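What the coordinates show
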Amino acid sequence: MNLYVTPEDIRRELRLDTQNSMPVERLAPILEETCRYIDNELGRFFYVLTDTRYYDGPGGSQWWVPDDVISITSVKWDSDEDGVYETTLVEGTDFVGWPYNGEHFRRLDVLTRSSQIAGWPSGQKALEIVGKFGWGETTESTGDTVQDNPQSSSSTTLTVTSGANFAVGDTLLIETEQQYVSDKTGETLTVVRGVNGTTAAAHNQSTAISRYTYPAALQSAIKMEAARWYREISTGFAGAVASMNESGFASFRATYPAIMARLATFRTADHFVLVGL
């Protein structure tokens, strides 16, 4: 799971009191569906995925890559069409990513000084990119550290100094490994190891723990959309929703333009935001 907001964020957004509170195990699937729905509608995703991906060769000097590329480990070309990518193209020597100062690349341009290619090759599945994909890679310190001595590569729990520094739904970064927090009890977190293409590894005691963060406008839109889905489910998709204090019903459809406005900046040229809103 890759959640851009946590179930606790949604509980606060819905202002659910203790009598009407919804458990995390019910909110998390709504959030997961909401996040993936918005990913699909925007034509991009906002988590950080380490992956190897293959593409048709575009020909020409500019390659509009279908995916957002955060960083590149390698670009290779299957120059003789045998399924082996034997020609390595070097960033800064053979090509450069654009925009130059953005959070991710959308286009790769062949450099005129390249001695290997004058333009991108054409052909089916001609190119391979190994790297990190997604909107961007932004993290913040949790202010906490690994308390296991060590956390082994196979452990599905993580002991921390204070469980209050974490929430179910957080994606953590410890050294180069991503871990997803699926539950917590006191200072013990239940985690899914090696998520998003990273590799589970041992982490020594006192190793710093970071958390992935996401654009504020995206989080705001997801909170509103997840709240809308929850309310619609609660009222049989009647277009009316329980008010924030659960004491009555009011139209929630008025928030649709606000959701679209917050997501507009993330829309790719060939996708429309939230069909039906």
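Here's what I pulled together on the structure shown here. A quick note: this is a predicted structure, and the numbers were derived from the prediction, not measured.

The rules behind each value
- Here the residue numbering is sequential within each chain, running from 1 through the sequence in written order.
- Side-chain atom pairs in this predicted model are given and counted only at pLDDT of 80 or more, local residue features only at pLDDT of at least 70, and totals for whole chains, interfaces and linings cover all residues.
- The side-chain quantities take in all heavy atoms of the structure and omit both hydrogens and water.
- A run of H or I in DSSP becomes a helix once it reaches four residues, and a run of E becomes a strand once it reaches two; helices and strands are each numbered from the N terminus.
- We define a polar contact as two N or O atoms separated by no more than 3.5 Å, with the added condition that, inside protein, one atom must be a possible hydrogen donor and the other a possible acceptor, whereas residues neighbouring each other in sequence contribute only through side-chain atom pairs.
- Contacts are residue-level and defined by heavy atoms, with any inter-residue pair within 4.5 Å sufficient.
- Criterion for a salt bridge: a side-chain nitrogen of Lys or Arg within 4 Å of a carboxyl oxygen of Asp or Glu.
- Three labels apply to residues, based on accessible area from a 1.4 Å probe with only protein chains included: buried if under 20% of the type maximum, exposed if over 50%, partly exposed otherwise in between.

Some details on the side chain of T142
Structurally, the position occupied by T142 is in strand β7 (residues 139-145). A distance of 3.1 Å separates the side chain of T142 from the backbone nitrogen of D144, its partner in a polar contact. In this structure the side chain of T142 is engaged in a polar contact, spanning 2.7 Å, whose partner is the backbone oxygen of I209. Setting aside anything within four residues of it in sequence, one finds T142 in contact with N165, F166, I209, S210 and R211.

Here's the deal with the pattern of salt bridges
Taken as a whole, this structure holds 12 salt bridges when the rule is applied. Of the charged contacts, one joins E8 and R11 as a salt bridge, the two residues approaching to 3.7 Å between their closest N and O atoms. Of this pair, E8 and R11 both sit in helix α1 (residues 7-14), three residues apart, roughly one helical turn. Residue classification places E8 among the partly exposed residues on the basis of a relative accessible area of 36%. Owing to a relative accessible area of 24%, R11 belongs among the partly exposed residues under this scheme.

By themselves, these observations are geometric and do not establish any function.
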